[in-house]
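In case you want the letters, here they are:
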Amino acid sequence: MASKRGALIVLEGVDKAGKTTQCQKLVQALQQSGRPAEMMRFPERSTTIGKLISSYLEKKNDLEDHTVHLLFSANRWELVPLMKKKLEQGTTLVVDRYAFSGAAFTSAKPGFCLDWCMKPDVGLPKPDLVMFLQLSPAEAALRGQFGEERYETSVFQKAVQQKFEQLMKDPSVNWQVIDASKSVENVHKDITTHSLNTINTAQTVPLGELWK
Ligand code: ADP
Ligand code: FDM
Ligand code: MG
């Protein structure tokens, strides 16, 4: 019997949009309703590559810009066998950032084009749904100060937002823009509705390949 695969669901958005909060709530809600679900995040800081990335983000070491871009991508590729296994077993994966952050953040740096930045992630498992948590810089500022990590400045975040907007024009990806300015509970309701629809339809179509 062909068992039903899980769905690959990604949350993207700028700093403080509520990605981590909502990934956790979605996984909890899916599990409570009897649907196998697990959270993943990128970067996954626990691997050897992830530790290099983490210390780069914490500004404990510097890495050349192309090099760190390829490490972020490698950090996704190293998790692909596990992701595929879980999806095949019927577990829905709820992922906090993915290749879209990869392309948006690096291409916001001087001297990088979006096209080059997307290349290393071509062929990754394609998300069945990518929800972009939309929040204005003013509203994000109300949620607290920027942290100490690399990229956490308003100028850079605005450039990243513009790159996300370019990526969202790609009709080969199932983008849903979510109004992240609502309350945690109301954002959760919107995200749950989209996710349940996707979990049902993912069972009838094979997992795709990103940007191919
Ligand atoms: P991200 O992972 O996108 O950076 P977080 O989930 O860490 O965002 O949330 C950033 C901050 O904003 C946290 O303090 C969180 O409690 C708060 N927050 C998250 N969602 C909302 C919301 N809908 N309304 C108000 N505050 C929120
Ligand atoms: N980031 C994340 C990248 O620059 N490239 C990537 O491929 C990914 C997945 O890492 F500033 C950046 C985005 C953000 C940081 O922060 C991760 P969080 O708070 O762990 O999401
Ligand atoms: Mg987060």
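All values derive from a computational prediction rather than experimental measurement.

Chemist: Sorry, what's going on with the site of ligand 1 here?
Modeler: Residues in close proximity to ligand 1 total 13 residues, the closest being Lys 16, Lys 19, Thr 20, Thr 21 and Lys 182. Within the backbone of Ala 17, a nitrogen or oxygen atom sits 3.2 Å from an oxygen atom of ligand 1. Thr 21 places a polar side-chain atom, nitrogen or oxygen, 2.5 Å from an oxygen atom of ligand 1. Relative to its free-state accessible area of 560 Å², ligand 1 is covered by the protein chains to the extent of 66%. Of the residues forming the shell around ligand 1, the biggest block, 3 residues, is contributed by helix α1 (residues 19-32). Partitioning the shell around ligand 1 into residue classes produces 4 nonpolar, 4 polar and 5 charged.

Chemist: Even after reading the chapter, I still don't get the site of ligand 2, so can you show me in this structure?
Modeler: The immediate surroundings of ligand 2 are formed by Phe 42, Pro 43, Arg 45, Leu 57, Phe 72, Arg 76, Arg 97, Ser 101, Gly 102, Phe 105 and Tyr 151. Contacts to ligand 2 include Arg 76, whose side-chain N or O atom sits 2.8 Å from an oxygen atom. Gly 102 is positioned such that a nitrogen or oxygen atom in its backbone is 3.4 Å from an oxygen atom of ligand 2. In isolation ligand 2 offers 480 Å² of accessible surface; the protein chains occlude 86% of this area.

Chemist: Explain the pairing of strand β5 (residues 129-134) to me, please; I cannot follow it from the model alone.
Modeler: Along any regular strand the residues' side chains alternate between the sheet's two faces. Of all 6 residues in β5, 5 are buried; the element is thus mostly enclosed. Relative to β5, strand β1 (residues 8-13) is paired through 5 bridges, and the arrangement is parallel. Across the sheet, Val 10 pairs through a bridge with Val 130, a residue of β5. Examined bridge by bridge, β5 and strand β6 (residues 175-179) share 5 bridges and lie parallel to one another. Note that in β6 the partner of Met 131 across the bridge is Gln 176.

Chemist: Would you explain the packing of aromatic side chains in this entry?
Modeler: One pass over the full model with this rule turns up 10 aromatic pairs. Here the aromatic rings of Phe 105 and Tyr 151 are separated by 5.4 Å at their centres, their planes lie at 55°, and the arrangement is tilted. Taken together, the residues span a long stretch of sequence, with Phe 105 in helix α5 (residues 99-107) and Tyr 151 in the loop between α7 (137-142) and α8 (154-167) at a distance of 46 residues. For the residue pair Phe 105 and Tyr 151, the accessibility class agrees, reading buried in each case.

Chemist: Help me understand the nonpolar core, please; the structure alone is not making it clear to me.
Modeler: Counting 40 residues, the largest nonpolar core has Tyr 98, Phe 100, Phe 164, Leu 167 and Trp 211 as its most contacted members. If near-sequence neighbours (up to four positions away) are discounted, Phe 100 is found in contact with Val 10, Glu 12, Pro 127, Val 130, Phe 164, Leu 167, Val 173, Trp 175, Leu 210 and Trp 211. Counting 21 residues, the second-largest nonpolar core is a separate cluster that includes Ala 37, Val 94, Ala 180 and Val 187.

Chemist: I keep staring at the environment of Ile 53 and nothing clicks. Help me out?
Modeler: Looking at where Ile 53 falls in the secondary structure, it is placed in helix α2 (residues 48-57). Along the chain, Ile 53 and Cys 117 lie 64 residues apart, while their C-alpha atoms are 17 Å from each other. Not counting residues up to four positions away in its chain, the partners in contact with Ile 53 are Pro 43, Leu 71, Phe 72 and Asn 75.

Conventions and cut-offs
Residues numbered from 1 in each chain as written. Chains lettered and ligands numbered in written order. Predicted model: local features only at pLDDT ≥ 70, side-chain atom pairs only at ≥ 80, totals over all residues. Heavy atoms only, no water. Near = heavy atom within 4 Å. Polar contact = N/O pair within 3.5 Å; in protein donor to acceptor, adjacent residues only side chain to side chain. Areas by Shrake-Rupley, 256 points an atom, 1.4 Å probe, with all protein chains shown as cover. Helix = DSSP H or I, 4+ residues; strand = E, 2+ residues; numbered from the N terminus. Nonpolar A, V, L, I, M, F, W, Y, C, P; charged D, E, K, R; others polar. Buried < 20%, exposed > 50% of the residue type's maximum accessible area, 1.4 Å probe, protein only. Pairing = 2+ DSSP bridges. Phe/Tyr/Trp six-rings, centres within 6.5 Å; stacked < 30°, edge-to-face > 60°. Core = buried A, V, L, I, M, F, W, Y, C linked by side-chain atoms within 4.5 Å. Contact = heavy atoms within 4.5 Å.

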